[in-house]
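An overview of the molecular structure
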Amino acid sequence: GKEFSAQFSPLSTGHIVDIFGEDKLAGKRLDELKDIPIEGEPIPIMDRIAVTRPLHTGIMGIDMLYPIGRGQRQLIVGDKKTGKTQIALDTILNQRGEDIICIYVAIGKTKKEVKDIYSQLLCRGAMEYTIIVAAFNDDCAPVLQSTPYAALSIAETYLREGKDVLV
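To keep things clear, this report deals only with the structure shown in the data block. The model shown is predicted, which means the values in this text are computed figures rather than measured ones.

Time to look at helix 4 (residues 141–160). A rise of 1.5 Å per residue sets the reference length of helix 4, with its 20 residues, at 28 Å; its end C-alpha atoms lie 30 Å apart and thus fit the reference within 8%. Its axis deflected by about 35° at T147, helix 4 carries its strongest bend there, up to four residues before the proline P148. Listing the buried residues of helix 4 in full gives V143, S146, T147, A150, A151, S153, I154, A155, T157 and Y158. G162 sits one or two positions beyond helix 4 and adopts a positive phi of about 85°.

The structure is reproduced here in structure tokens:
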């Protein structure tokens, strides 16, 4: 069988999209869709370089005590209602003018929650450089499970083009 691929359009910036390349606000598929495999080979360790360029979150406690670098993987873990989403949104908002593409991945949230996140980013000008990849709480399990992998494959697509990406 053929390996499953997500559909992605370079026109996704500024939109809420799913793994099938559909703009979830407009309810139609984007143009210029292309297949992107969601289980690509990882970049070999020997081909990676040291993390030397900072990524500023705009949150003083993080930037001063626990600085993050571009190229670093950093997971935000915590219980419900502890501010994980707000840390992610503040970090995205702080990337204005930094030439970083931001991908916000929403898994299992309601349509209203995702629209609220979109509205926050839109009214503060961050959707100019942000893609929201969403799988809603009423989507089927394979879509919910595949969406984070698809979002990271989208990030790798930009990475291969020499762009910095925050997911």
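Next, the rest of the story.
A few words on unusual backbone geometry. A negative phi holds for most residues other than glycine; trans holds for most peptide bonds. Non-glycine residue K81 carries a positive phi angle of around 60°. When you line up the elements, K81 lands in the loop between strand 7 (68–69) and helix 2 (84–93). Among the residues examined, K81 registers a relative accessible area of 82% and is labelled exposed. One non-glycine residue, D99, lies in positive phi territory at about 55°. Tracing the backbone through its elements, the reader meets D99 in the loop between helix 2 and strand 8 (100–109).

Now for helix 2. Of the positions making up helix 2, those classed as buried are A88, L89, T91, I92 and L93. As for helix 2, its buried residues are in contact with strand 6 (54–55), strand 8, helix 3 (111–123), strand 9 (130–136) and strand 10 (164–166).

According to the stated counting rule, one finds 0 disulfides in the structure shown. In this structure C102 is not part of a disulfide, and its nearest cysteine sulfur, from C123, lies 16 Å away.

This paragraph deals with the pattern of salt bridges. Evaluated as defined, the whole model comprises 9 salt bridges. For K24, the salt bridge identified is with E22, shortest N-O distance 3.8 Å. K24 sits in the partly exposed class, given a relative accessible area of 27%. Given a relative accessible area of 24%, E22 falls into the partly exposed group.

Quick look at a nonpolar patch on the surface now. Taken together, the side chains of M60, M64, L65 and Y66 present a nonpolar region at the surface, about 570 Å² in accessible area. Its place among the elements puts M60 in helix 1 (residues 60–65).

Here the focus is the pairing of strand 8. Most of strand 8 is tucked away: 7 of the 10 residues are buried. Pairing between strand 8 and strand 10: 3 bridges, direction parallel. Along strand 10, the bridge assignment pairs C102 with L166. With 7 bridges connecting them, strand 8 and strand 9 associate as parallel partners. Counterpart to Y104 in the pairing with strand 9 is I132. The parallel pair strand 8 and strand 9 is bridged by helix 3, and the resulting crossover is right-handed.

Analysis parameters
Residues numbered from 1 in each chain as written. Predicted model: local features only at pLDDT ≥ 70, side-chain atom pairs only at ≥ 80, totals over all residues. Heavy atoms only, no water. Helix = DSSP H or I, 4+ residues; strand = E, 2+ residues; numbered from the N terminus. Expected span 1.5 Å × (residues − 1). Bend = angle between axes of the 7 residues up to and from the residue. Buried < 20%, exposed > 50% of the residue type's maximum accessible area, 1.4 Å probe, protein only. Contact = heavy atoms within 4.5 Å. Disulfide = S-S within 2.5 Å. Salt bridge = Lys/Arg side-chain N within 4 Å of Asp/Glu carboxyl O. Patch = residues over 30% accessible without salt bridge, like charges linked within 9 Å, V, L, I, M, F, W, Y side chains within 5 Å. Areas by Shrake-Rupley, 256 points an atom, 1.4 Å probe, with all protein chains shown as cover. Pairing = 2+ DSSP bridges. Right-handed = clockwise from strand over helix to strand, strands pointing away.

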